[in-house]
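Structural overview for review
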Amino acid sequence: MKADYTKDSSYYLVWNLVMPKSVKITAKKIGELAGCCQQAVSATLSGHGNSKVSDEKREKILTLARNLNYRPNPSALRLSGRSTKTIGIISENSIFCSEFQLGLATRFRVHGYESIFVPLVTNFEEDFQIGKLLDYGVDGIVSLNKQGNFEQSSLAVPSVLISYANYDVDFDWQGAAQLAVSHLLGHGHQRIAFLSDVRQYSSENMRIGFERTLREKQLDFSPGWFVELVWNERYAVQLLSLLRKEKVSAFFCTREGIAARLLVWLRRQKISVPEEVAVISATGSTYAESCSPSLTAIAYPVHAITAAAVDLLIKKIRQNELKRTEKPILIPPKLHLGHSCGCPESPMQTIWWEGLPLDLEEFDHQAYIFPEKKKIKDSEKTIPTKE
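Residues numbered from 1 in each chain as written. Predicted model: local features only at pLDDT ≥ 70, side-chain atom pairs only at ≥ 80, totals over all residues. Heavy atoms only, no water.

Details of the pattern of salt bridges
The cut-off we apply is this: In the sections that follow, a salt bridge refers to a side-chain nitrogen of Lys or Arg positioned within 4 Å of a carboxyl oxygen of Asp or Glu.
Here the structure, examined in full by the defined rule, presents 8 salt bridges. Here the salt bridges share partners, and the residues they tie into one network are R207, E211 and R215.

Observations regarding the nonpolar core
Condition: The criterion is simple. A nonpolar core is a set of buried Ala, Val, Leu, Ile, Met, Phe, Trp, Tyr and Cys residues joined through side-chain atoms within 4.5 Å. A simple rule labels every residue: compare its accessible area, found with a 1.4 Å probe on the protein chains alone, to the largest value its type can have, and call it buried under 20%, exposed over 50%, or partly exposed in between. Under the scheme used here, helices are H or I runs from DSSP no shorter than 4 residues and strands are E runs no shorter than 2 residues, and both carry numbers assigned from the N terminus. A contact between two residues is defined here by any heavy atoms of the two lying within 4.5 Å.
Counting residues in each nonpolar core, the largest one holds 52 residues, and the members touching the most others are F108, V142, I192, F210 and F252. Top element by residues in this core is helix α12 (residues 302-319). It accounts for 9 residues. Setting aside chain neighbours within four positions, we find F210 in contact with A177, V181, I192, A193, F194, F226 and F252. The next biggest cluster of nonpolar side chains, apart from the first, holds 26 residues, and it includes L195, V227, I271 and C291.

What to know about helix α9 (residues 201-216)
Definition in use: Multiplying 1.5 Å by the helix residue count minus one yields the expected span of that helix.
Between its terminal C-alpha atoms α9 stretches 23 Å, which fits the 22 Å expected from 16 residues at 1.5 Å a residue. Residues of α9 that are buried in the fold lie against β5 (169-171), α8 (173-186), β6 (192-196), β7 (226-228), β8 (250-253) and β9 (278-284). Positive backbone phi, approximately 55°, marks Q218, located one or two places after α9.

Focus: the environment of L322
Relative to the assigned elements, L322 resides in the loop between α12 and β11 (329-331). Separated by 162 residues in sequence, L322 and V160 place their C-alpha atoms 9.3 Å apart. Look past the residues within four positions of L322 in its chain and what remains in contact with it is Q152, S153, L155, A156, V157 and P158.

If you want it as structure tokens, here you go:
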């Protein structure tokens, strides 16, 4: 007697164990197993329905497709004008790249979409990569290229732009600088220097927030206190001048990597942190805990950004909305306290554990792993001004 593959669960187990991975499950194969034609399978799986397919046969087809991990052919879907259930993701060039990819892919899969990643070797090949994704037939695009500059309405599919000048979802870079400077002011620092990489979208916005905060407090700051460190061979002369001549007592760094290397340089100059000078950083990751002293940083909220971007793109796809969202989403900053600003050093509860995230905010959320570790509320992060 012929086995009923829709009821015999052991069949699926054996099939998935012994069949070569190169063997693809096609609509034709499902039709053979279900005892019907390929056209009936295609009609059932497309959701268009077929009056000649009985409810019992339809259930067999769906069960076989589900248990044998059937994936429709993207080329066939494109030719028929149907959804490929794929999202194109243009990756950014940063240490957070893998964290963004995992966060986006995981959340899109919950909605039934698979992800296709295309890297940017340079920031100037975005148009080429977008063309490749459109040729593949993706249902939507997420771009993380901070130097990108394309009009969403010109695309044939919905898109979400992260950290563009015309962003849909972004981190509040200006607010991040304001939060960092306010924290340093709370420690009594009034002469604060700004260290950055090349001038770009994020660093320029942080500079705006930095200047605004000092201006609101009626504090002096000089253009010479803004130092770009990329290809800057005179950095040591400039930094020593800031410390000795300008009496700068704190540094705000636009990147965690800048802050980490600054801590090394200061230690080699026999300058104590935080006793003689304080350091605070934006775009903080869990590597802030590895600095000596531990780095106070504005957490870069990768998981909050990916959650907002996925929800927004799914909404755009359902509404077939090609334009920029009318209400762009700005993720607020949060401060992760280390010792580099002058706050007490917290004990390191562990060296490593499986799945340690780069996202500092996610790291802080996992504090429940160690019940004895007190979580500090944002309202408790203001430090009394020195007398």
